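Topology and contacts: notes
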Amino acid sequence: MKYDPATEKSPLPFSPFKSCTVPRPIGWLSSVSPDGVANLAPYSQWQNLTFDPPMVMFSANQYPDGRRKDTVLNAEQTGWFVWNMATWDLREAVNISAMALPPHESEFDRCGVTKGYAELAPIPLVAESPVHFECRYLSTHRMTGDSNVGTIDIVFAKVQRIHIDDNVLTPDGRLDIPRIKPIARMGYFDYTVVTDTFEMQVPNADPAEAFGLAGQPT
């Protein structure tokens, strides 16, 4: 089977595109509007860009009526947002926070999570999440799609502060991923959870490369 998505409909009953690039890390992002309304929403188009300095990005599709997502507007207007690690224990809250609520309603009130705050700016965060990035907004790049919902805002940010719960660290100072159980987005309505990991070192590679730029903060 093959087809050209620009000119042909998918021959399958459900589009396979999102199910091919998997798993996708979840950008569970908290922000606040200039009026003080806290927002929390998951984005599956989220990724690290580089580590020196640590930078991240996420892309947000518009609503069918052309409105832009609250997270994008909040980041642009306040200059900050927080990434909260989405975990197995928090999966129901992550799912509830995906609901499209009016701008004056806060997902924090619907999700049943505890609202904490970042340290560099008064941005809310999910206190139960084991890892947080305080992200300073850099820029937005807009790309026009073939429809309103296909048009996206790509937001770039620099990670200014990282919070890690000491309880999820191993004795040798690594994140205990099988214990944390991060969840990730698949296609359709499917998710996955990380419970097993394995190590492979590139032959002749400098071990420092696996942990960040040698001799620099990681």
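Structural notes, computed from the coordinates. (Residues numbered from 1 in each chain as written. Predicted model: local features only at pLDDT ≥ 70, side-chain atom pairs only at ≥ 80, totals over all residues. Heavy atoms only, no water.)

Strand order in this open sheet of three strands is β1-β11-β12, and the pairing throughout is antiparallel. The open sheet is flanked by β1 (24-25) and β12 (191-193), the only strands paired with a single partner. As judged from the three bridges shared by strand β11 (residues 183-185) and β12, these two strands associate in the antiparallel manner. Of the residues in β12, the one forming a bridge with A184 is T192. (Pairing = 2+ DSSP bridges. Helix = DSSP H or I, 4+ residues; strand = E, 2+ residues; numbered from the N terminus.)

The tally for this structure, following the rule as stated, stands at five aromatic pairs. With 5.8 Å between their ring centres and 10 degrees between their planes, W46 and W83 make a pair best called stacked. Here W83 lies in strand β6 (residues 80-84) and W46 lies in strand β4 (residues 46-51), a separation of 37 residues in the sequence. Just as W46 is buried, W83 falls in that class too. (Phe/Tyr/Trp six-rings, centres within 6.5 Å; stacked < 30°, edge-to-face > 60°. Buried < 20%, exposed > 50% of the residue type's maximum accessible area, 1.4 Å probe, protein only.)

This part takes up the side chain of R24. Residue position: R24 is located in strand β1. Buried within the structure, R24 lacks any salt-bridge partner; its nearest side chain of opposite charge belongs to D190, at an N-O separation of 10 Å. A polar atom in the side chain of R24 sits 3.4 Å from the side chain of S44. Once residues within four sequence positions are removed from consideration, R24 is found in contact with K18, S44, A184, R185 and M186. (Lys, Arg positive; Asp, Glu negative; His and termini not counted. Salt bridge = Lys/Arg side-chain N within 4 Å of Asp/Glu carboxyl O. Polar contact = N/O pair within 3.5 Å; in protein donor to acceptor, adjacent residues only side chain to side chain. Contact = heavy atoms within 4.5 Å.)

Right, let's get into the pattern of salt bridges. Scanning the entire structure with this criterion turns up eight salt bridges. Measuring nitrogen to oxygen at the nearest pair gives 2.7 Å for the salt bridge that ties E119 to R161. One end of the pair, E119, is in the loop between β7 (115-117) and β8 (124-126); the other, R161, is in strand β10 (residues 152-164), and 42 residues separate them in sequence. Overall, the relative accessible area of 54% leaves E119 in the exposed class.

Here we come to the pairing of β4. Direction of pairing for β4 relative to strand β5 (residues 54-61): antiparallel, over a ladder of five bridges. In the strand pairing of β5, N48 is matched with V56. The antiparallel pairing of β4 with β5 creates a hairpin that spans two residues between the two strands.

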